[in-house]
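Inside the fold
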Amino acid sequence: MTIRVLLADDQALLRSAFKVLVDSEPDMEVVGEAPDGAGAVALARSTRPDVVLMDIRMPGTDGLAATRMITADPELADVRIVMLTTFEVDEYVVQSLRAGASGFLGKGAEPEELLGAIRIAHAGEALLSPAATKGLIATFLAQGPGAETAGAGGGARTERLGALTAREREVLVLVAGGLSNDEIAERLDVSPLTVKTHVNRTMAKLGARDRAQLVVTAYESGLVRPRVE
């Protein structure tokens, strides 16, 4: 299976570098390039990529607005978005997750990290760096939902927590803690396949696109409280 990648960045030189890197992989190909958010949305609708590498700050329609438009389109429900940012400690990072992005990556990341991020997002996993998962995300989400949450369906997902079984809530808490399916399986003494089933059912009940959205819901609902180190 070839992972179809769309590049959205206002810097042509950076897009070219990303294209060379992505196209060098046997399991990936770049299907489009956009210099702004509006172009990214249009290309997402015409090319149907698997993953969009989306710069947060772009002229005109920025990456956040473009992400909201893509995640709000039912026909693009399978598109995963990885936000690119110059500074990892940035409130825009949290806004991007609330908008429906699968995660984010710093522009200074190593090539292997970028390629790994594409594969992780394509697999439906949450792409949250340790620095963000342990501090930034929890801190900002604990401040309360913003306007982006309603747009991304966050409030509706929070209300659906009551539909979760006790086990599903337990799994949700562990997902929010950054644990993988294998780690959760070991913690609960069940098989990874069982955990995967619980995660998929939880996403379906909460209307979450992927694990990143489960993390957002867990914090915004108050099910998980951030730790103050």
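For the structure itself, consult the block above.
Before going into details, it helps to say that this report is about the structure given with it. Every chain is numbered independently, its residues counted from 1 as its sequence is written. Confidence filtering applies because this is a predicted model: local features only for residues at pLDDT of at least 70, side-chain atom pairs given and counted only at 80 or more, and all residues used for totals across whole chains, interfaces and linings. For side-chain calculations, the full set of non-hydrogen atoms in the structure is used, while hydrogens and water are omitted.

A few words on the nonpolar core. To define a nonpolar core, start from buried Ala, Val, Leu, Ile, Met, Phe, Trp, Tyr and Cys residues and group those joined through side-chain atoms within 4.5 Å. When a residue's accessible area, from a 1.4 Å probe over protein chains only, is under 20% of the maximum for its type it is buried; when over 50% it is exposed; and in between it is partly exposed. Counting residues in hydrophobic clusters, the biggest one holds 21 residues, and the most contacted among them are Val-171, Leu-172, Val-175, Ile-184, Val-199, Leu-206 and Leu-214. Those elements that place two or more of their residues in this core are helix 9 (166-176), helix 10 (181-188), helix 11 (192-206) and helix 12 (211-220). Tallying contributions element by element places helix 9 first for this core, with 5 residues. Two residues form a contact once any of their heavy atoms are found within 4.5 Å. When near neighbours in sequence (up to four residues on either side) are disregarded, Val-175 contacts Ile-184, Val-199, Arg-211, Leu-214 and Val-215. Among the nonpolar cores identified, the runner-up in size contains 19 residues, and Ala-8, Ala-44, Ala-66 and Met-83 belong to it. What counts as a helix is a DSSP run of H or I of at least four residues, what counts as a strand is a run of E of at least two, and both are numbered from the N terminus.

Turning our attention to the environment of Ala-185. Within the secondary structure, Ala-185 is located in helix 10. Using a relative accessible area of 4% as the deciding quantity, one classes Ala-185 as buried. C-alpha separation for the pair Ala-185 and Val-195, spaced 10 residues apart in sequence, amounts to 6.1 Å. Aside from chain neighbours lying at most four places away, what touches Ala-185 is Val-190, Ser-191, Pro-192 and Val-195.

Moving on, we get to the side chain of Glu-168. Locating Glu-168 in the fold gives a position in helix 9. Its relative accessible area of 3% is what places Glu-168 among the buried residues. In terms of polar contacts, Glu-168 uses its side chain to reach the backbone amide nitrogen of Thr-165, at 2.9 Å. Not counting residues within four places of it along the chain, the set of residues in contact with Glu-168 comprises Ala-163, His-198, Arg-201, Thr-202 and Lys-205. Counted as a polar contact is a pair of N or O atoms within 3.5 Å, where, for protein atoms, one must be capable of donating a hydrogen and the other of accepting one, and residues adjacent in sequence contribute only when both atoms are in side chains.

Spanning 12 residues, helix 1 (residues 12-23) covers 16 Å between terminal C-alpha atoms, matching the ideal 16 Å at 1.5 Å per step. Buried within helix 1 are the following residues: Arg-15, Phe-18 and Val-22. Looking down the long axis of helix 1, one finds its buried residues gathered within 65° of arc, a one-sided arrangement. Turned more than 90 degrees away from the buried face of helix 1, the exposed residues are Leu-13 and Val-20. To estimate the expected span of a helix, count its residues, drop one, and scale the result by 1.5 Å. Throughout, the arc means the angular range of directions from the helix axis out to the C-beta atoms.

To continue, consider the pairing of strand 1 (residues 3-8). Of all 6 residues making up strand 1, 5 are buried, and the element is well covered by its neighbours. In this structure, strand 1 lies alongside strand 2 (residues 28-34), joined through 6 bridges in parallel fashion. Each bridged residue has a counterpart across the sheet, and for Leu-6 the counterpart in strand 2 is Gly-32. Here the term right-handed applies to a crossover when the path leading from its first strand over the helix to its second strand runs clockwise, the strands being oriented away from the viewer. For the crossover from strand 1 across helix 1 to strand 2, the handedness is right-handed. In this analysis, strands are considered paired if DSSP registers two or more bridges between them. Here strand 1 pairs with strand 3 (residues 51-55) via 4 bridges, running parallel. Counted as the bridge partner of Leu-7 is Leu-53 from strand 3.

Here helix 2 (residues 37-47) crosses helix 3 (residues 63-71) at 25°, and the two axes come no closer than 8 Å. Classed by the angle they form, the pair helix 2 and helix 3 counts as roughly parallel. The way helix 2 lies across helix 3 gives a crossing that is right-handed. Between helix 2 and helix 3, the residues in contact are Gly-37, Ala-40, Val-41, Ala-44 and Arg-45 and Ala-66, Met-69 and Ile-70, respectively. The classification used treats Ala, Val, Leu, Ile, Met, Phe, Trp, Tyr, Cys and Pro as nonpolar, Asp, Glu, Lys and Arg as charged, and all other residues, Gly among them, as polar. Classifying every residue of the contact of helix 2 with helix 3 by side-chain character gives 6 nonpolar, 1 polar and 1 charged. As a rule, the C-alpha atoms of each element are fitted with a line to give its axis, helices using only the stretch in contact, and angles between N-to-C directions run from 0 to 180 degrees. The cut-offs work like this: below 35 degrees is roughly parallel, past 145 is roughly antiparallel, 65 to 115 is roughly perpendicular, and the gaps in between are oblique. In a left-handed crossing the near helix is turned counterclockwise from the far helix by less than a right angle, and in a right-handed crossing that turn is clockwise.

Take the packing of helix 11 against helix 12 next. One can describe the packing of helix 11 onto helix 12 by two numbers: an axis separation of 10 Å at closest approach and a directional angle of 65°. For helix 11 against helix 12, the interelement crossing comes out left-handed. Contacts between helix 11 and helix 12 involve Val-199, Thr-202, Met-203 and Leu-206 on the former and, on the latter, Arg-211, Leu-214 and Thr-217. Class assignment of the residues belonging to the contact of helix 11 with helix 12 gives a composition of 4 nonpolar, 2 polar and 1 charged.

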